[in-house]
Amino acid sequence: MKNFDFSFDVIVIGAGHAGCEAAHAAAMVGAQTCLITMDMNKIAQMSCNPAIGGIAKGQIAREVDALGGLMGLVTDSAAIQFRMLNRSKGPAMWSPRAQCDRARYIVEMRRHLEQTPNLKIWQDEAAELLVENGHVCGIKTVWGVTMSAKAVVVTAGTFLNGLMHIGRHMVEGGRCAEPPSKLLSASLQDIGLKVQRMKTGTPVRIDARSVHFEDMGIEPGETDFHRFSFISPERRLPQLQCWTCSTNEAVHEVLRSGLKDSPLYNGQIQSIGPRYCPSIETKLVVFPERTSHPLFLEPEGTDTNELYLNGFSSSLPIDVQIRALKEIPCFRDIVIYRPGYAIEYDFFDPTQLYHSLESKLLEGLFLAGQVNGTTGYEEAAGQGIVAGLNAALKCVDNELVTLQRDNSYIGVLIDDLVTKGVDEPYRMFTSRAEFRILLRQDNADQRLTPIAEKYGLATPERSERFSKKSEKIQQLLSFCAEKSVKPASLNAYLESVGSQSMSQGTKLKDVIARPGVDMAGLSSCLPQLRSIIENLGDDKEEIVEAVEVEIKYSGYILRERQQAEKMQRLEHIKIRGHFNYDDIHQISTEARQKLKKIDPETLAQASRIPGVSPSDINVLLILSGR
């Protein structure tokens with residue numbers, strides 16, 4: 001291997017969703033990057049449901065795209081069903097979700113990575129971190145390869161000491177039919193990282209030829225302009241439907257009979273599972289009064305009979321899973337490809353990280369994804385792009401990037417992790433964000449693409465399209481703010497949508513702000529508006545939607561911006577290294593302990609630590625001379 005250069009700026013361990021985004025981001029910034037994976041045919045493997053997005057997760061996926069990441073582009077090219085969730089609620093709650101072709105997703109992600117400048121892929125298993133003078137300096141692999149690096153990003157997912165469970169059977173593995181990573185976890189613990197265990201699971205996979213679809217409800221998708229990436233073309237794959245059904249008392253009776261052999265309830269699994277994505281057996285125990293639970297049957301691709309049964313995650317014995325499913329009419333002749341299973345794995349307390357996702361214990365070491373106690377592809381990807389960017393910046397001694405709670409869900413996610421830690425697998429929800437009307441899915445590019453441009457994450461194509469779109473949004477906003485419209489031109493339309501007639505001329509933006517009124521309807525009455533919209537170009541639907549939201553919710557948006565500015569005042573008060581918390585007896589004992597453990601960067605971060613009260617913050621304010 002003398003003629004092969006194993007010296008890099010950044011090494012990324014693991015090619016799941018976090019690893020792919022981390023490696024791509026680091027390479028785009030200009031760092032010579034190596035992505036290490038145990039299987040190049042499983043890059044960005046969707047270990048559970050082959051879907052991207054959902055409540056709050058869709059916003060994160062859009063943010064990853066806005067930052068120049070790959071998830072949005074790959075999702076659009078692999079999407080086989082798209083839906084915008086929560087349409088009945090306000091735009092702060094709208095969340096895109098796409099069912100994907102699992103195999104196509106892997107192919108597309110690998111294609112993008114292999115075309116990324118400065119990025120190499122190496123198939124191997126990382127076994128040991130190399131450390132010199134308190135700084136990571138590379139890794140060793142199980143094949144005896146030594147690689148040097150200025151920064152290392154660990155994104156090992158569920159592979160660290162992974163242990164799978166089906167009934168009383170236990171098999172070591174990172175996921176089905178794939179070996180665990182045992183040596184790396186030990187190496188991370190050797191440097192002092194605090195390790196804990198978590199549990200997740202996945203449901204049965206069903207052969208479509210055995211399903212009685214006539215006994216199921218249909219869940220159609222949508223075919224409008226919405227997509228995940230701000231720069232991708234329209235979805236190219238055939239759009240498929242999903243199906244719905246429910247469990248029943250007969251199903252529950254079979255499942256209950258197997259609880260004695262459930263690793264969740266026989267003492268076999270001791271670790272914590274996800275509260276918001278429970279197994280079917282957990283649903284029975286936690287909600288004993290429920291006589292049924294909804295299930296969603298979702299395709300895994302356009303060229304496969306494999307179907308994913310959403311809502312039936314389980315680690316019960318194989319025969320119990322099959323007998324229970326046969327009690328559902330549509331599955332009376334069911335044939336499965338494989339059963340559901342649970343998996344336990346190591347993760348590391350994320351309070352051991354800075355907001356840059358760099359370790360507090362070892363300089364140059366970054367962690368992202370499920371190793372930080374999160375669950376979900378989107379949460380992993382969001383961390384990955386931040387960790388990869390900062391790892392590259394670390395190599396040239398640049399100031400590292402921290403996203404804020406008022407500019408991204410990714411900022412909320414990371415702040416929650418490093419400030420509060422986790423006691424169960426962390427999943428993002430819109431309710432976790434204080435400023436969700438600012439963090440809508442439609443404006444992710446307006447919030448974050450300038451950051452991507454600043455650090456070199458945005459391609460010229462993205463920058464040009466973003467610039468044109470931003471300019472047209474402002475033009476349309478200005479037109480609506482300045483244009484006066486007369487009653488005669490609009491009253492018939494207003495009455496048709498149940499809105500009060502106008503008695504005098506008014507600004508167009510005030511008309512748009514009315515409930516039930518939209519720009520599509522107004523453009524049919526106002527030729528000048530129609531002409532402007534028709535000339536907006538490829539992004540006209542997104543532009544119109546963005547302008548409508550900005551106008552209709554302007555009051556709420558202004559109020560949240562003011563609240564965010566107040567919070568930013570505390571964000572600007574740096575306190576790390578300024579206090580010896582053991583000596584501050586004016587604050588509570590709990591506050592001293594928590595502040596010493598977390599060592600918050602700012603007073604705003606300190607205010608979000610559980611156990612630190614407003615009076616404790618006031619003491620720190622006074623001691624800061626504020």
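Look up a bit, the structure's there.
Residues numbered from 1 in each chain as written. Predicted model: local features only at pLDDT ≥ 70, side-chain atom pairs only at ≥ 80, totals over all residues. Heavy atoms only, no water.

**Student:** Would you mind going over the sheet that holds strand S1 (residues 10-13) with me for this structure?
**Tutor:** The pairing of strands in a sheet happens through backbone hydrogen bonds and is either parallel or antiparallel. Across the sheet, 5 strands lie side by side as S6-S2-S1-S10-S20; this open sheet has parallel pairing. Two strands lie at the open edges of the sheet, namely strand S6 (119-123) and strand S20 (365-367), each paired on one side alone. Between one strand axis and the next, the sheet turns through 20° on average, direction left out of account. Across 4 bridges, S1 lies against strand S10 (residues 151-154) in parallel orientation. Paired with valine 12 across the two strands is valine 153, which belongs to S10. In this fold helix H1 (residues 17-29) packs onto S1, strand S2 (33-37), S6 and S10, with an angle of close to 165° to the strand it touches most, S2. (Pairing = 2+ DSSP bridges. Helix = DSSP H or I, 4+ residues; strand = E, 2+ residues; numbered from the N terminus. Axes fitted to C-alpha atoms, helices over the stretch in contact; angles between N-to-C directions. Contact = heavy atoms within 4.5 Å.)

**Student:** Got a minute to help me understand helix H6 (residues 249-257) in this structure?
**Tutor:** Because each turn of an α-helix spans 3.6 residues, side chains separated by three or four positions in sequence point in the same direction. Buried within H6 we find Val251, His252, Val254 and Leu255. All buried residues of H6 fall inside an arc of 160° around its axis, so they share one side. The secondary structure elements touched by the buried residues of H6 are helix H7 (280-286), strand S17 (306-313) and helix H8 (318-325). Between a side-chain oxygen at the N-terminus of H6 and the backbone nitrogen of alanine 250 the separation is 3.0 Å; the capping residue is asparagine 248. (Buried < 20%, exposed > 50% of the residue type's maximum accessible area, 1.4 Å probe, protein only. Arc of directions from axis to C-beta. Polar contact = N/O pair within 3.5 Å; in protein donor to acceptor, adjacent residues only side chain to side chain.)

**Student:** What's the story with the layout of surface pockets in this structure? I'm lost.
**Tutor:** Gaps between atoms show up when a probe of the same size as a water molecule is rolled over them. Estimated volume of the second largest pocket: approximately 470 Å³. Broken down by secondary-structure element, the contributors of at least two residues to the lining of the second largest pocket are helix H10 (409-420) and helix H18 (554-571). Grouping the constituent residues of the lining of the second largest pocket by class yields 4 nonpolar, 9 polar and 9 charged. (1 Å grid on protein atoms, 1.4 Å probe; cavity = no way out; pocket = protein on both sides within 12 Å on 5 of 7 lines; lining within 4 Å. Points joined across faces, edges and corners; volume = space filled by probe spheres on them. Nonpolar A, V, L, I, M, F, W, Y, C, P; charged D, E, K, R; others polar.)

**Student:** I keep staring at the environment of aspartate 599 and nothing clicks. Help me out?
**Tutor:** Turning to its location among the elements, aspartate 599 is positioned in the loop between helix H19 (589-598) and helix H20 (603-607). By relative accessible area, which is 26% here, aspartate 599 ends up partly exposed. Residues aspartate 599 and glutamine 352 lie 247 residues apart in sequence; the distance between their C-alpha atoms is 9.7 Å. Aside from chain neighbours lying at most four places away, what touches aspartate 599 is Arg576, Gly577 and Lys594.

**Student:** How should the sheet that holds strand S4 (residues 79-85) be read in this particular structure?
**Tutor:** Read from one edge of the open sheet, 3 strands run S3-S5-S4, paired in antiparallel fashion. With partners counted over all chains shown, the strands left at the sheet margins are strand S3 (51-53) and S4, one partner each. With strand direction ignored, the average angle separating the axes of adjacent strands in the sheet is 15°. By the bridge criterion, 6 bridges tie S4 to strand S5 (residues 95-100) in an arrangement that is antiparallel. Following the sheet pairing, methionine 84 is matched in S5 by proline 96. Contacts between helix H2 (residues 57-66) and the sheet are confined to S3 and S5, with S5 contributing the most and set at about 85° to the helix. In the packing of helix H3 (residues 71-78) onto the sheet, the strands contacted are S3, S4 and S5, and the crossing angle to S4 comes to about 115°.

**Student:** What is the right way to look at the side chain of aspartate 65 in this model?
**Tutor:** Residue placement: aspartate 65 occurs in helix H2. Given a relative accessible area of 0%, aspartate 65 falls into the buried group. When neighbours within four sequence positions are excluded, aspartate 65 is seen to be in contact with Gly72, Leu73, Phe228, Ser229, Phe230 and Arg462.

**Student:** Any chance you could explain the side chain of serine 95 here in plain terms?
**Tutor:** With respect to the secondary-structure elements, serine 95 resides in strand S5. Side-chain polar atoms of serine 95 contact the backbone oxygen of methionine 93, separated by 3.2 Å. Those residues in contact with serine 95 that sit more than four places away from it in its chain are Gly54, Ile55, Ala56, Gln59, Arg83, Met84 and Leu85.

**Student:** Just to check I follow, could you spell out the pairing of S2 for this structure?
**Tutor:** Within S2, 5 of the 5 residues are buried, which leaves the element mostly enclosed by the surrounding structure. Burial along S2 is two-sided: the residues Thr33, Leu35 and Thr37 and Cys34 and Ile36 are all buried. Pairing analysis gives 4 bridges linking S1 to S2, with the strands arranged parallel. For valine 10, the partnering residue across the bridge sits in S2 and is threonine 33. Handedness of the crossover joining S1 and S2 through H1 is recorded here as right-handed. Pairing geometry for S2 and S6, over 5 bridges, is parallel. (Right-handed = clockwise from strand over helix to strand, strands pointing away.)

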